[in-house]
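Coordinates in review
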Amino acid sequence: MTKTLRLFFPVALAIVALAHSAFAQYGGQGLGSALSSDPLSHQGQVRPGVDDIASRASQETPFKIIKDVELGLKDADPNVRVSELTKLRDLHDPEVNQILIQSMADQDLRVKLKAIDILGAREANAAVPAMSSMLFLRSTEQIVKLHLVSELGRIGDAQGTLPIMQFMAEPRDERGRGTAVFALGEIESDKAVPLLNRVLTDDQSPMVRRLAREALLKIDGQLPFEHQKQLASQQDPHAQVPTDQKLAKLRELDQKSQDQER
């Protein structure tokens, strides 16, 4: 009998250990167990592989993200380069703005515009000299110039006032004049007041004159500029009206008024 017990106990202990190991691997609270009191626990709360990737991504350092982006910007596909630039939008690192400034010289138009727009969203004052210089290069496409003017206004640095005023000195269509006038209002520099007054009285477009009036009110402190609206929208997400949507609405109203006059 004693000999039988000696043989039985090791086998019993091995079975218990094996059962415990299987329970830990396939069952247990939080891992989806048929023995759990939670009726939904069989669905599991941990997704092997997916959660691991998400965890590693949340722990990536700015240094690693920047290095990955620099590698991705060498890709031949411009869509990949655009996607890589997007990762830099909210990254707080002094090296980011320099990468974006360099990307303004990309051969693909989409990459250029993405870099310019992100610099504006970041309110990157350091980019103003490079953006101002690019504004007057003969090789710069017209759509790129419009984005440069718009984002100089979004940055709001007074250094952008003179380049935008010089941009307006050249013959421009209604869209170009309106974008420039709106940007001057965002910068709020007194240097733009004489020019805006001339636009208010002389410009043939009702929309551009309306934008000039609003720009003068912003400079005078009677109207909030877009950055102030963005700060307010953090408390009220419905308060913010994107610049492009506002301009589009003004053009629509202007077109309706012209149709009524005919």
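Everything here concerns the structure above.
Note that this is a predicted model, so its numbers are computed, not measured. (Residues numbered from 1 in each chain as written. Predicted model: local features only at pLDDT ≥ 70, side-chain atom pairs only at ≥ 80, totals over all residues. Heavy atoms only, no water.)

What follows concerns the overall build of the chain. Within the chain, the regular secondary structure consists of 14 helices and zero strands. Each helix and strand of the chain, placed in order from N terminus to C terminus, yields the pattern α-α-α-α-α-α-α-α-α-α-α-α-α-α. Within the span of the chain, comprising 262 residues, buried residues form 35% of the whole. Look at the contacts in the chain between residues 6 or more apart in sequence, and 59% of them connect residues 24 or more apart. For the chain, the accessible area works out to roughly 16200 Å², and carbon and sulfur atoms hold 55% of it. (Helix = DSSP H or I, 4+ residues; strand = E, 2+ residues; numbered from the N terminus. Buried < 20%, exposed > 50% of the residue type's maximum accessible area, 1.4 Å probe, protein only. Contact = heavy atoms within 4.5 Å. Areas by Shrake-Rupley, 256 points an atom, 1.4 Å probe, with all protein chains shown as cover.)

Our focus in this paragraph is unusual backbone geometry. The backbone phi angle of E123 is positive, close to 50 degrees, even though this residue is not glycine. Relative to the elements of secondary structure, E123 occurs in the loop between α6 (109-121) and α7 (128-134). For E123, a relative accessible area of 27% corresponds to the partly exposed category. The phi angle at E188 is positive, at roughly 65 degrees, despite the residue not being glycine. Classification of E188 as partly exposed rests on a relative accessible area of 27%.

This paragraph deals with the pattern of salt bridges. Pairs may arise between side chains of opposite charge once their charged atoms sit close together. Using the criterion set out here, one finds ten salt bridges in the structure. Where E141 meets K112, a salt bridge forms, and the shortest distance between an N and an O atom there is 3.2 Å. Linking E141 in the loop between α7 and α8 (142-155) with K112 in helix α6, this pair joins segments that are 29 residues apart in sequence. With a shortest N-O distance of 2.7 Å, R177 and D203 are connected by a salt bridge. In this pair, R177 sits in helix α10 (residues 174-187) while D203 sits in the loop between α11 (193-202) and α12 (206-219), placing the two residues 26 residues apart along the sequence. (Salt bridge = Lys/Arg side-chain N within 4 Å of Asp/Glu carboxyl O.)

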